[in-house]
Amino acid sequence: MKRSVMFTTGDASGELNRTERPAASEKEPATRVATTSKLALLADPVWILTTLWNRKGLVILAALAGVVLASLLSLMIPPKYISTAQLFIDPRDLRVLQNEVSPNAVGSDPTSITAYLESQARVIASDSIKSRVIESEGLDKDPEFGGEASKSGLARLISELLPSSGAPPRDGMLYALAALDRAVTVRRGERTFVIDISVTSREAAKAARIANALANAYLDDQALVRADAAQRATTALTGRLAELRDRLRSAEEKTEKYKEANNIVATGGRLMSDEQLTLNNAQLVALRNKVTEAKAKYDQTRAVRASSIEAGAIPEAVASNTMTALRSQLGAALSKEADLLASLGSRHPALAAAQAQVRDARRQINDELSRIAQAAKIEYDRSVEAERQTTRRVDDLTKQQYATGRASVQLRELEREVESSRVVYDAFLRRARETGELSGIDTTNARVISAAMPPLEKSGVSRRTIAALGGIAGGGLGVIAALGLALFGGLPRPPRRTPAPPMPATEAAADEIAKPPALATPEPAAPQPAAAPAKAGWRRFVAIQGGQAARLPDSVKASTAPLLGTLPAVRHRRWRNEAEPRSVFQSKAHLVDVMDKPNAGFAKAIRTVRAKLADQAGGNTKRRILVMGLRRNAGASTLALNLALDAALAGLPALLVDSGIGETSLTAVYAPEAQAGLHDIVSGGAGLVRVALQDEGTGLFFLPRRGRTELVTSEQIGRDFFGVARRFGPILIDGASIGADTLSRHFIDAVDDIVLVVREGEVGAGDLEQANATLGENAAKIRGFVINEA
């Protein structure tokens, strides 16, 4: 089994013999005075120049060594080439149609334009554009960008023989995105529409190729985005056309059925009933005029007398060709009668015949007058009857028009519905045709104005500069060494300290008698051999027991639960990673070696514990695991925290729940200002997402202990809390020590697994009996023990 090794320092010389201490103390003042007097020489420039000239060989040698080391270092530093492509992006897109699918709403004010260009710069630097470049250029397989180098020969054989670590497969895309994010710089020139895309790479041609690929990927992405938007709009509009067409047809059919049911017929945009009523009204007016004329003619005919006709007064009503002929005939007869009466006398027979002709002419005139009067009467009666019928028909049409008008109210509503459906359908149809044609047109007003070219020179500090700086640094160290040797090279060296020889038994006894009385100490069970003294100031290796066979207490050996792992003691925490922490859990009270030193024995032990728990669960990561200590300060909080961090770093949606108490609890250390907790979730006061805190560095979710936890029950934890936290897994609960808190006892009833932490040398059979009594039937949930050697 591998052993985890770390550096530590120790003084191997041991304590000085009591006999040597007085001599050393007497020499210390003289040495201090000599050192002080020599340090005063540093204020003498002549002495400094003379010393440096006398030891110029050392200074030159140190400078040359600095040049050589700096030159070797410059050869080890990989070269960097920066290539830049320039994009011109005009906020005013090309306007093809009146109504664009995605119109450019950028105003003319400088703020809007600046915001638009900055947004486009962010788009260029986004992961979507970089992913296209990684796929097109195959950067996920490039070792410079995080890709795995191809293994061959001995390396492949060794990797096949080594056991699998159980970690998820390596995602080259994520590593390439991270490396490309560091290598790409996108910025906008001041007061310009030009965006510079700079790429840093070890190869000049590769840097130019990636910069051009980013520019082309952005242009393709913008065209694809607009085409997709137009295509989505076309699909959505086309999908609605069938529904709109059916709605229009249904409205038209409903309107026609309503017209048929209400006998509404329209010709030329007007209802037939309206036209009929208009024509009949005109006929009625004409008939009424005709009746008036016929009655006037009839009355005038009745008032006409034959005498008036003989007198020559012929009214217009009786003026006719017949009446004119009869009047002429009467006039001729009267003239003949007058002539005969004058010439033949009153008794002549010819006169009687003439008088008979006169009487016959008058009779005919009277008969003609009667006939004319009868014809006028008939015409008048006919006009009156026609007027009456036309009036009745107009009345009927008027009543029908009233009914049609009432029906037209609903008809107009139906027609408006038909018209609105037709307008919407026509608009959708026209817009679908426009967007369908627009999907093949690129309206992006952006272009590459300067393609990236392979740079001719490397960027950064040149090798000559590095060599010169190395020479200056070496020369400076040579100067310091020369002055130091001149000052302290002649000082007397301290005597070598050696352990005193062992005293004889008699001298030891006498010495014991001479010693003053001291506190009694227990004698060891067996004499231990004295450790060999090491040289002072040398560093020695100390093996941590994390990888060795675990020393189990007898009470734990008697338990049926297995040993999950042993956490080794970690010394010299001041040697932890002092870089800026990337997680809120770093640089605090609890040890987080899974992040600070992932290859150390402590981190390996944490991964071993988590792997064994996963094996017991059959690979199920959605487990609720309660970590508890048999005694207080057993290290349960540290184990729960590191298990949760290791799961989060492995890509699992882990959740860490604090159920501990005290000043060193996870909540007191990491979230002292938290306001809400478990009680707010189970009572419905707040959701898990609002209460839980997420670490931005690892993605781990942390639920602090806040609120009235004494009101939380086991049923609420199992039903309300674990119900809303079902998307998390694993869920690690820091339960402090067994029996120390009511909330931890409630978690015992609700969790799936229980892990007990035992501090080495601090466990007995009584602790296990107390744990079994506290757990009761939940003791079956114990999945194993973890030994803490700290």
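Since the model is a prediction, treat every value here as computed from it, not as a measurement.

Asks: Can you explain the overall build of the chain? Please cite residues and give values.
Replies: Along its length, the chain carries 24 helices and 16 strands. Expressed as a percentage of its 790 residues, the buried residues of the chain come to 35%. Per element, the accessible surface of the chain, about 47,400 Å² overall, is 55% carbon and sulfur.

Asks: Report on the nonpolar core, specifying residues and quantitative values.
Replies: With 38 residues, the main nonpolar core has Phe-585, Val-627, Leu-639, Leu-641, Leu-645, Leu-656 and Leu-700 as its most contacted residues. Looking at this core, the elements that each hand over two or more residues are strand E9 (563–567), helix H16 (593–596), helix H17 (601–616), strand E10 (624–629), helix H18 (636–649), helix H19 (666–670) and strand E15 (753–759). For this core, the element with the highest residue contribution is H18, accounting for nine residues. Contacts of Phe-585, omitting those with residues within four sequence positions, involve His-590, Val-592, Leu-641, Leu-645, Tyr-670, Asp-695, Leu-700 and Phe-702. By size, the runner-up hydrophobic cluster in this structure holds 37 residues, among which are Leu-626, Leu-655, Ile-754 and Val-758.

Asks: Help me get a handle on the sheet that holds strand E3 (residues 184–188), residues and values and all.
Replies: Spatially, the four strands line up as an open sheet ordered E3-E4-E2-E7, and their pairing is antiparallel. Edge positions in the sheet fall to E3 and strand E7 (446–450), since each has one partner strand and no second. Here the strands of the sheet are splayed against their neighbours by 25° on average, with no regard to which way each runs. Those strands touched by helix H7 (residues 172–183) are E3 and strand E4 (194–201), and its axis lies near 45° from that of E3.

Asks: Can you break down unusual backbone geometry residue by residue, with the values?
Replies: Residue Pro-730 is bonded to the preceding Gly-729 through a cis peptide linkage, with omega at 0°. Structurally, the position occupied by Pro-730 is in the loop between helix H22 (714–724) and strand E14 (731–737). Of note, the phi angle at Ser-587 is positive, near 60°, even though the residue is not glycine. Along the chain, Ser-587 falls in the loop between E9 and H16. On the accessibility criterion, Ser-587 (56% relative accessible area) is exposed. A positive phi angle is found at Asn-633, which is not glycine, with a value near 60°. Relative to the helices and strands, Asn-633 resides in the loop between E10 and H18. Its relative accessible area of 62% is what places Asn-633 among the exposed residues.

Asks: I'd love a proper account of the side chain of Ser-714, names of residues and values included.
Replies: With respect to the helices and strands, Ser-714 occurs in helix H22. The buried category is assigned to Ser-714, whose relative accessible area is 14%.

Asks: Can you tell me about the sheet that holds E10, naming the residues and giving the values?
Replies: Pairing is mixed in the open sheet, where eight strands are placed in the order E9-E16-E15-E10-E14-E11-E13-E12. Either end of the sheet is taken by a strand with one partner, and the two such strands are E9 and strand E12 (693–694). Note that strand E11 (residues 655–658) and strand E13 (residues 701–703) share three bridges and pair parallel. Counterpart to Val-657 in the pairing with E13 is Leu-703.

Asks: Break down the pattern of salt bridges for me, with residues and values.
Replies: Within the structure shown, the criterion is met by 25 salt bridges. Two residues, Asp-140 and Lys-141, come together in a salt bridge whose shortest N-O distance is 3.7 Å. Take Asp-140: its relative accessible area is 24%, and that puts it in the partly exposed class. Arg-719 is the salt-bridge partner of Asp-720, the closest N and O atoms lying 3.1 Å from each other. One continuous salt-bridge network, built from bridges that share partners, spans Asp-142, Glu-144, Glu-203 and Lys-206.

Asks: Tell me about a nonpolar patch on the surface, and please be specific about residues and values.
Replies: A surface patch of nonpolar side chains, about 400 Å² in accessible area, is lined by Val-68, Leu-69, Leu-72 and Leu-75. With respect to the element layout, Leu-72 can be found in helix H3 (residues 56–76). Judged by its relative accessible area of 47%, Leu-72 falls in the partly exposed class.

Asks: So what's going on with the environment of Pro-581? Which residues, and what values?
Replies: With respect to the helices and strands, Pro-581 occurs in the loop between E9 and H16. Each C-alpha atom of the pair Pro-581 and Gly-697 lies 8.8 Å from the other, and the pair is 116 residues apart in sequence. In this structure Pro-581 touches Gln-586 and Ser-587, once residues within four positions along its chain are discounted.

Asks: Any details on the environment of Val-592? Residues and values, ideally.
Replies: You can see Val-592 is positioned in the loop between E9 and H16. Sequence separation between Val-592 and Leu-643 is 51 residues; the distance between their C-alpha atoms is 9.7 Å. Each residue touching Val-592, except ones within four places of it in the same chain, is listed here: Phe-585, Gln-586, Leu-641, Asn-642 and Leu-645.

Asks: Give a detailed account of the packing of helix H4 (residues 110–124) against helix H8 (residues 204–261), specifying residues and quantitative values.
Replies: Running from N to C, H4 and H8 cross one another at 105°; their axes reach a closest spacing of 10 Å. In this view, H4 runs roughly perpendicular relative to H8, as classed from their interaxial angle. For the pair H4 and H8, the contacting residues are Tyr-116, Gln-120, Val-123 and Ile-124 in the first and Tyr-218, Gln-222 and Arg-226 in the second.

Asks: An account of the packing of aromatic side chains is needed here, citing residue identities and associated values.
Replies: Applying the stated criterion across every chain, the model contains six aromatic pairs. Plain terms: the ring middles of Phe-585 and Tyr-670 are 4.9 Å apart, the flat faces sit at 65° to each other, and that makes the pair edge-to-face. Linking Phe-585 in the loop between E9 and H16 with Tyr-670 in helix H19, this pair joins segments that are 85 residues apart in sequence. Looking at Phe-585, the relative accessible area reads 2%, which means it is buried. Ring centres of Phe-701 and Phe-728 lie 5.1 Å apart, and the angle between their planes is 70°; this geometry places the pair in the edge-to-face category.

Asks: Hey, could you go over the packing of H17 against H18 for me, with residue numbers and the actual values?
Replies: As a packed pair, H17 and H18 sit with axes 10 Å apart at the nearest point and diverge in direction by 80°. Regarding the angle of H17 to H18, the classification is roughly perpendicular. For the pair H17 and H18, contact is made by Phe-602, Ile-606, Arg-607, Val-609 and Arg-610 and by Thr-638, Leu-639, Asn-642, Leu-643, Asp-646 and Ala-647, respectively. Among the residues making up the contact of H17 with H18, the classes are represented as six nonpolar, two polar and three charged.

Asks: Kindly report on the pairing of E4, identifying the contributing residues and their values.
Replies: In terms of residue burial, E4 counts as a mostly covered element, since seven of its eight residues are buried. Across eight bridges, the pairing between strand E2 (residues 81–89) and E4 is antiparallel. The residue of E4 that forms the bridge with Leu-87 is Ile-195. Between the end of E3 and the start of E4, which pair antiparallel, lie five residues, with Arg-191 showing a positive phi angle near 55°.

Each value, and the rule that gives it
Residues numbered from 1 in each chain as written. Predicted model: local features only at pLDDT ≥ 70, side-chain atom pairs only at ≥ 80, totals over all residues. Heavy atoms only, no water. Helix = DSSP H or I, 4+ residues; strand = E, 2+ residues; numbered from the N terminus. Buried < 20%, exposed > 50% of the residue type's maximum accessible area, 1.4 Å probe, protein only. Areas by Shrake-Rupley, 256 points an atom, 1.4 Å probe, with all protein chains shown as cover. Core = buried A, V, L, I, M, F, W, Y, C linked by side-chain atoms within 4.5 Å. Contact = heavy atoms within 4.5 Å. Pairing = 2+ DSSP bridges. Axes fitted to C-alpha atoms, helices over the stretch in contact; angles between N-to-C directions. Salt bridge = Lys/Arg side-chain N within 4 Å of Asp/Glu carboxyl O. Patch = residues over 30% accessible without salt bridge, like charges linked within 9 Å, V, L, I, M, F, W, Y side chains within 5 Å. Parallel < 35°, antiparallel > 145°, perpendicular 65-115°, else oblique. Phe/Tyr/Trp six-rings, centres within 6.5 Å; stacked < 30°, edge-to-face > 60°. Nonpolar A, V, L, I, M, F, W, Y, C, P; charged D, E, K, R; others polar.

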